Amino acid sequence: MTAKKATRNEEIRAWQRMLSGRRLDLLDPSPLDIEIGDIAHGLARVARWNGQTLGAHIFSVAQHTLLVETVLRHEMPRVDQRVRLAALLHDAPEYVIGDMISPFKAVLDGHYKAVEKRLLGAIHIRFGLPPVLPDDITQAIKAADRGAAYLEATELAGFSASEARRLFGKDPGLSDSVRRDYLTPWTAARAEKQFLERFGAVFA
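Residues numbered from 1 in each chain as written. Predicted model: local features only at pLDDT ≥ 70, side-chain atom pairs only at ≥ 80, totals over all residues. Heavy atoms only, no water.

Visitor: Honestly, the overall build of the chain in this entry has me stumped. Any pointers?
Guide: Looking only at helices and strands, the chain has 11 helices and two strands in total. For the chain, the sequential pattern of α-helices and β-strands runs α-β-β-α-α-α-α-α-α-α-α-α-α. In the chain, which comprises 204 residues, the share counted as buried stands at 43%. A separation threshold of at least 6 residues defines the contact pool for the chain, and within that pool the share at least 24 residues apart is 65%. With an accessible surface of roughly 10,900 Å², the chain has 54% of that area assigned to carbon and sulfur atoms. (Helix = DSSP H or I, 4+ residues; strand = E, 2+ residues; numbered from the N terminus. Buried < 20%, exposed > 50% of the residue type's maximum accessible area, 1.4 Å probe, protein only. Contact = heavy atoms within 4.5 Å. Areas by Shrake-Rupley, 256 points an atom, 1.4 Å probe, with all protein chains shown as cover.)

Visitor: Help me understand the nonpolar core in this model?
Guide: Grouped together as the largest cluster of nonpolar side chains are 56 residues, with contacts concentrated most on I39, L67, L89, Y95, F127 and F195. Of all elements in the fold, only α2 (36-43), α3 (61-75), α4 (81-88), α5 (94-97), α7 (111-126), α8 (135-155), α9 (161-168) and α11 (188-202) reach the threshold of two or more residues within this core. Here the element with the most residues in this core is α8; it accounts for eight residues. Sequence-distant contacts of I39, defined by excluding residues within four places in its chain, comprise I34, A92, Y95, I123, F127 and F195. (Core = buried A, V, L, I, M, F, W, Y, C linked by side-chain atoms within 4.5 Å.)

Visitor: How should the packing of aromatic side chains be read in this particular structure?
Guide: Within a pair of aromatic rings, the relevant descriptors are the distance that separates the centres and the angle that separates the planes. Here the structure, examined in full by the defined rule, presents seven aromatic pairs. Ring centres of F127 and F199 lie 5.2 Å apart, and the angle between their planes is 75 degrees; this geometry places the pair in the edge-to-face category. Taken together, the positions of F127 in the loop between α7 and α8 and F199 in helix α11 put the pair 72 residues apart, joining distant regions of the chain. As far as the burial class goes, F127 and F199 line up, both buried. Ring geometry for Y182 against W186: centres 5.7 Å apart, planes inclined by 50 degrees, an arrangement best described as tilted. A residue is classified by how much of its surface remains accessible, and W186, at 4% relative accessible area, is buried. Grouped by ring-pair contacts, the aromatic residues W49, F159 and F168 constitute a single cluster. (Phe/Tyr/Trp six-rings, centres within 6.5 Å; stacked < 30°, edge-to-face > 60°.)

Visitor: For this particular structure, what's the right way to read the pattern of salt bridges?
Guide: In a structure, side chains of opposite charge can pair up when their charged atoms sit close to one another. Enumeration according to the criterion identifies 12 salt bridges in this entry. With a shortest N-O distance of 3.8 Å, R126 and E35 are connected by a salt bridge. Remark: E35 occurs in the loop between β2 (23-25) and α2 and R126 occurs in helix α7; sequence separation between them is 91 residues. Given the relative accessible area of 31%, R126 is considered partly exposed. Between E69 and R73 there is a salt bridge, with the nearest N and O atoms lying 3.0 Å from each other. (Salt bridge = Lys/Arg side-chain N within 4 Å of Asp/Glu carboxyl O.)

Visitor: I keep staring at the packing of α4 against α11 and nothing clicks. Help me out?
Guide: Packed helix pairs are specified by the crossing angle of their axes together with the interaxial distance, meaning the distance between the axes. Running from N to C, α4 and α11 point in directions that differ by 155 degrees, and their axes come no closer than 9 Å. In terms of axis orientation, α4 runs roughly antiparallel to α11. For the element pair α4 and α11, the recorded crossing hand is left-handed. Contacts from Q81, R84, L85 and L88 in α4 reach F195, R198, F199, A201 and V202 in α11. Class assignment for the residues of the contact of α4 with α11 results in six nonpolar, one polar and two charged. (Axes fitted to C-alpha atoms, helices over the stretch in contact; angles between N-to-C directions. Parallel < 35°, antiparallel > 145°, perpendicular 65-115°, else oblique. Left-handed = near helix turned anticlockwise from the far one by under 90°. Nonpolar A, V, L, I, M, F, W, Y, C, P; charged D, E, K, R; others polar.)

Visitor: I keep staring at unusual backbone geometry and nothing clicks. Help me out?
Guide: Backbone phi values are negative for most residues with the exception of glycine, while trans is the configuration of most peptide bonds. With a phi angle near 60 degrees, W49 is a residue other than glycine that sits in the positive phi range. Following the sequence through the fold, W49 ends up in the loop between α2 and α3. Taking the relative accessible area as the measure of exposure, W49 reaches 15% and is therefore buried. A positive phi is found at N50, a non-glycine position, where the angle reads about 55 degrees. Among the structural elements, N50 can be located in the loop between α2 and α3.

Visitor: Please explain α7 as it appears in this structure.
Guide: Look at α7: 23 Å from first C-alpha to last across 16 residues, which is about the 22 Å you get at 1.5 Å a residue. Along α7, the residues classified as buried are Y112, V115, E116, L119, G121, A122, I123 and H124. Just downstream of α7 lies G128, where phi reads positive at about 80 degrees. (Expected span 1.5 Å × (residues − 1).)

Now the structure itself:
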């Protein structure tokens with residue numbers, strides 16, 4: 001290999017250095033390079049809805065995942081703790097690949113989803129979950145995700161109730177106090193802290 005070719009290959013990297021010091025390969029991620037602190041820190045700083053939300057702060061993916069897990073518990077009060085963990089981690093790959101809105105994912109024609117799927121599988125293995133969840137669990141988490149999206153759309157992102165119902169389904173019916181808390185955008189520091197606290201409660 002010539003020096004010129006070696007230099008060119010070295011410039012093409014597919015890994016990201018984390019604040020923990022880990023280097024995560026995005027194309028071939030190893031569970032050994034995944035740390036919950038990196039996930040929490042990253043998700044607390046990634047904006048949902050491309051930042052097009054009301055409030056003094058972004059509505060972060062970390063806060064969204066906490067909302068999804070809350071909706072899941074509301075709809076399935078006796079749900080297994082491992083399912084709650086899976087719900088909390090359902091968007092965890094976004095700590096390195098960002099939160100891309102669904103219309104743009106469609107434009108990329110599956111490439112984004114392939115990277116996301118590999119990352120999520122590695123994250124699941126790191127925290128004791130199967131790399132691919134059973135269909136019933138996947139569907140339960142997707143239902144909770146849609147319920148959370150309905151709330152975010154109508155209360156933060158400017159959607160009408162009828163438009164949100166068409167796109168995301170029904171209002172999950174959380175209490176007013178829970179809605180006020182989880183739909184008031186938090187600081188990144190609070191989102192990171194609460195994500196880590198909830199992770200500690202469900203990962204035992």
